[in-house]
Structure formats: structure tokens, C-alpha cells
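Next come the chains, spelled out residue by residue.
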Amino acid sequence: MTIVRRTFLGGAAAAVLTTFTTFTTFTTFATLATFATLAASGVASAAKPLVMGFSQVGAESEWRTANTRSIKDAARQAGVKLKFADAQQKQENQVKAIRSFIAQRVDVIAFSPVVESGWETVLREARNAKIPVILTDRAVNTADKTLYTTFIGSDFVEEGRRAGRWLVAHAAKTPERKLNIVELQGTVGSAPALDRQKGFAEAIAGNAKLKIVRSQTGDFTRAKGKEVMEAFLKAHGKAINVLYAHNDDMAIGAIQAIEEAGLKPGKDIVIISIDGVKGAFEAMIAGKLNVTVECSPLLGPQLMQVARDVVAGKPVPKRIVTEEGVFPAEVAAKEYPNRKY
Ligand code: AHR
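Residues numbered from 1 in each chain as written. Predicted model: local features only at pLDDT ≥ 70, side-chain atom pairs only at ≥ 80, totals over all residues. Heavy atoms only, no water.

- Taking an unreviewed UniProt entry as the reference, the protein chain is identified by name as LacI family transcriptional regulator belonging to Massilia glaciei.
- What UniProt states about the protein chain under its Sequence similarities (unreviewed entry) heading is, verbatim, "Belongs to the bacterial solute-binding protein 2 family."
- We quote the UniProt Subcellular location (unreviewed entry) comment for the protein chain here in full: "Cell envelope". (UniProt positions renumbered as here; feature names shortened; annotations may be inferred.)

**Things to note about the overall build of the protein chain**
No. 1: Within the protein chain, the regular secondary structure consists of 10 helices and 15 strands.
No. 2: Out of the 341 residues belonging to the protein chain, those deemed buried represent 56%.
No. 3: For the protein chain, contacts bridging at least 24 residues in sequence account for 73% of all contacts bridging at least 6.
No. 4: Taken as a whole, the protein chain presents about 14200 Å² of accessible surface, with 54% of it coming from carbon and sulfur. (Helix = DSSP H or I, 4+ residues; strand = E, 2+ residues; numbered from the N terminus. Buried < 20%, exposed > 50% of the residue type's maximum accessible area, 1.4 Å probe, protein only. Contact = heavy atoms within 4.5 Å. Areas by Shrake-Rupley, 256 points an atom, 1.4 Å probe, with all protein chains shown as cover.)

**Focus on the nonpolar core**
No. 1: Grouped together as the largest cluster of nonpolar side chains are 52 residues, with contacts concentrated most on Leu 167, Met 229 and Ile 269.
No. 2: If one sorts the elements of this core by residue count, helix α7 (residues 248-260) sits on top with 6 residues.
No. 3: There are two domains that each give this core at least three residues, and those are domain 1 (51-153 + 298-322) and domain 2 (156-295).
No. 4: Residues Ile 102, Val 106, Val 133 and Ala 139 belong to the second largest nonpolar core, which totals 22 residues. (Core = buried A, V, L, I, M, F, W, Y, C linked by side-chain atoms within 4.5 Å. Domains from an automatic or database assignment.)

**A word on the confidence of the model for the protein chain**
No. 1: Confidence along the protein chain averages 89 in pLDDT terms, with 86% of residues attaining 70 or more.
No. 2: Strand β11 (residues 242-245) holds the highest mean pLDDT among the elements of the protein chain, 99, whereas strand β2 (residues 15-21) holds the lowest, 31.
No. 3: Low confidence marks residues 1-45, where pLDDT is under 50. Its contacts with residues over four positions away, or in another chain, come to 111 contacts. (pLDDT = per-residue confidence, 0-100.)

**A look at empty space enclosed by the protein**
One water molecule sets the probe size; rolling that probe over the atoms shows where empty space is left.
No. 1: The final tally for this structure, using the stated rule, is 2 cavities of 30 Å³ or more.
No. 2: The volume enclosed by the largest cavity comes to roughly 90 Å³.
No. 3: Taken together, 13 residues form the lining of the largest cavity, with Trp 63, Arg 64, Arg 138, Arg 196 and Asp 275 sitting closest to its centre.
No. 4: Here the residues of the lining of the largest cavity are counted per class, giving 5 nonpolar, 2 polar and 6 charged.
No. 5: Residues from two domains meet in the lining of the largest cavity; each of domain 1 (51-153 + 298-322) and domain 2 (156-295) gives at least three. (1 Å grid on protein atoms, 1.4 Å probe; cavity = no way out; pocket = protein on both sides within 12 Å on 5 of 7 lines; lining within 4 Å. Points joined across faces, edges and corners; volume = space filled by probe spheres on them. Nonpolar A, V, L, I, M, F, W, Y, C, P; charged D, E, K, R; others polar.)

**As for the sheet that holds strand β15 (residues 326-328)**
No. 1: Spatial ordering of the open sheet is given by β10-β9-β11-β12-β13-β15, a layout of 6 strands whose pairing is mixed. Edge positions in the sheet fall to β10 (210-217) and β15, since each of these pairs with one other strand and no more. Here the average twist between neighbouring strands, direction ignored, is 15 degrees.
No. 2: Pairing geometry for β11 and strand β12 (residues 270-275), over 3 bridges, is parallel. Residue pairing in the sheet places Tyr 244 in a bridge with Ile 272 of β12.
No. 3: The strands touched by helix α5 (residues 191-204) are β9 (179-185), β10, β11 and β12; relative to β9, the strand with the most contacts, the crossing angle is about 165 degrees.
No. 4: Along the sheet face, helix α6 (residues 222-236) touches β9, β10 and β11 and points at about 135 degrees away from the line of β10. (Pairing = 2+ DSSP bridges. Axes fitted to C-alpha atoms, helices over the stretch in contact; angles between N-to-C directions.)

**Here's the deal with the site of the ligand**
No. 1: All residues in the neighbourhood of the ligand are listed as Glu 60, Ser 61, Trp 63, Arg 64, Asp 137, Arg 138, Phe 156, Pro 192, Arg 196, Phe 220, Asn 247 and Asp 275.
No. 2: Note that an oxygen atom of the ligand is positioned 3.0 Å from one of the side-chain N or O atoms of Ser 61.
No. 3: At 2.8 Å from an oxygen atom of the ligand is found a side-chain nitrogen or oxygen belonging to Arg 138.
No. 4: Out of a free accessible area of 280 Å², the ligand has 100% covered by protein chains.
No. 5: The cavity that encloses the ligand is the largest cavity. (Near = heavy atom within 4 Å. Polar contact = N/O pair within 3.5 Å; in protein donor to acceptor, adjacent residues only side chain to side chain. Sits in = over half its atoms within 2 Å of the grid points.)

**Considering α6**
No. 1: End to end, α6 covers 21 Å across 15 residues, agreeing with the expected 21 Å (1.5 Å per residue, within 8%).
No. 2: Looking at α6, one finds that the buried residues are Gly 225, Lys 226, Val 228, Met 229, Phe 232 and Leu 233.
No. 3: Where α6 is buried, its residues touch β9, β10, β11 and α7.
No. 4: Of the residues that open α6, the one with a side-chain oxygen 3.2 Å from the backbone nitrogen of Lys 224 is Thr 221.
No. 5: Of the residues one or two after α6, Gly 237 is the one with positive phi, at around 50 degrees. (Expected span 1.5 Å × (residues − 1).)

Have a look at this one:
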């Protein structure tokens, strides 16, 4: 299926039409440079359904709930027997789940690693058992890239850059001489937190008007986002001009804190966040959020297809990047009916 979709970049900037092919409502393009050679393990026959062990990060955000739904629905539709484990944001639980999948001799293991480091040992165990591993959503930083077969997910550094570029364009239009930014970071050590921080810092670097005055983790949750924003407001009060949140849930929690402090979110404090969940569109329509950078959780159909190819011994790209857009408040009402998560 080929779909054409309008991507909004940087406020009033040009709309870009992107045509792409996909298994689902969003799309990906592949970085085709590297193809993985796969360990031939138990190839599922037509009579025997493919068995996938999937270790999910948790249920910390609206994004994560949509991601879990996408994976479960896609498995059902593809006839894949899914063994699903929720790690509750703990790496030790993910390691345990992966070991249990190995012991159960599943055909393929997929997981979204809560943090980037510390995976070598368990990934070697999977390789020794000849079970291919697919990363979805988040990356690992192992020196040995052959420990996993492919990685399907967003370019988080680019998401951070998009957020930063939007702010640079916004700052150019404001009369203030200086804009103080507070940053709500994602889970410490996670790929999206590290990369979104990096991309944003890169995009605003050298702009004398923009200064990050505080950065702290809100662990990607609404409750923590609110709590940390309260602390930011206590420390800096009305001196805060901009909030950059690494996900929509933390931004939504922070909006509550800003309102409770008697300030107007989206006006007194400009708010930029990432994900593009429905809650963010609702906040934009209410005038409380200024822009959301899209990060699609709808990875399920593609994961099932890639898993089938991997188990069948077909070559797959080493990196599959999700194509995404930027949605400023000006387009929120028009785009809202099209949102799938
Ligand atoms: O890894 C993707 C991130 O994890 C999403 O941005 C966030 O909402 C989620 O918890």
C-alpha cells in the first residue's frame, strides 16, 4: 500500500509531501547499506506458527500503550504466537524475560531496550542458542553489532534536532532578548533521552538568545513530569520561557504544574514535546502546547513482517528508520482526526 501524507515542518514553513510504502499506517525507509546475515535457527513451518518472545519497556506513556497495542494486534493478524512480557521500566526484568524466551526456544526474540548499555551477555546467550534478536523502538550500544539482526525504530537524534529547529525559528520571531529553557528528559540512560538531548542541543547551539537553565529526568511519565516541573517553577518561576519535554506525557504533566502555578502553558511558557499522541493534539487545540515532534509507535505490522523474513533466513536491512513529521499547534485541529494513536 502506498500512502501520501502531509508533513508539517517548523510552523508556517512549507508542507512537504512524502510518499512512502509501508505495511501499516506509517512508513519506513531502510538504510540499505548493511544487510544482516542470519543465523539459521528453527524456521517455523507452515503448520507451526512462528513464536516470538517480546520484552516491552513498560506502560509508562500513551506512546507505549499504543506501541503495545500495535504489536499485539499485528501478531494476532499475522498468526504469530506472541509471548509478551512487561518489564516495568527495569532492565533486570528484560534480561530475565529474554533468558526465559531462550529457555522456551522461541523462534525469534524482539525487545525495546529500556536503557542502551549492559546487553552483551544476554545477547550472546541468545546468539549461542541460535535465536535471532530484533530491536524495536530503542537501540543498544554494544560494540558488536552482530549481536542483533536488525533495529526498527525512529531516529531520536533527528527528533531532538526537529524540536530545536522549531524553537530557533520561533525565537527569531519573538521580541525577547533571551529565552530560558527548562528540559524534561526521558529515562536516564535510555536511547531516546540521550539522543533527543543531543539533537536539541545541536540544533540550538550558537544561538545567543537560547539558554538551557535546567535539565532533569521525568522518566517519560506524566506524574514525574508534573513533579519536576513544579521544582523548576519553584527555582526559576516566571524566568522560564520555554519547556522542552522529551515526550508528550511529561509535557502534559508539566502543563498541569504550570496552570497550578497560575501561569498559562503555551503562552507564558512555550512548550515543545515529542511523540504526537492524541493527548498532545488535544493540548495544542486547547492552546496549551505549541508543537509536537512525531515519533510513531505503530511498529507492530513491520516487526511481524521482518520477523518472518529473519526466521525464513531472508536478508533484512540492519537499520529500518521510521519516517515522521512535525506538528505545530496551527495544524492540530486539522490533523487530529487523522491521528491513529
Ligand atoms: O522510546 C520511545 C519513547 O518511550 C517515547 O517517546 C516515550 O513516550 C516512551 O515512553
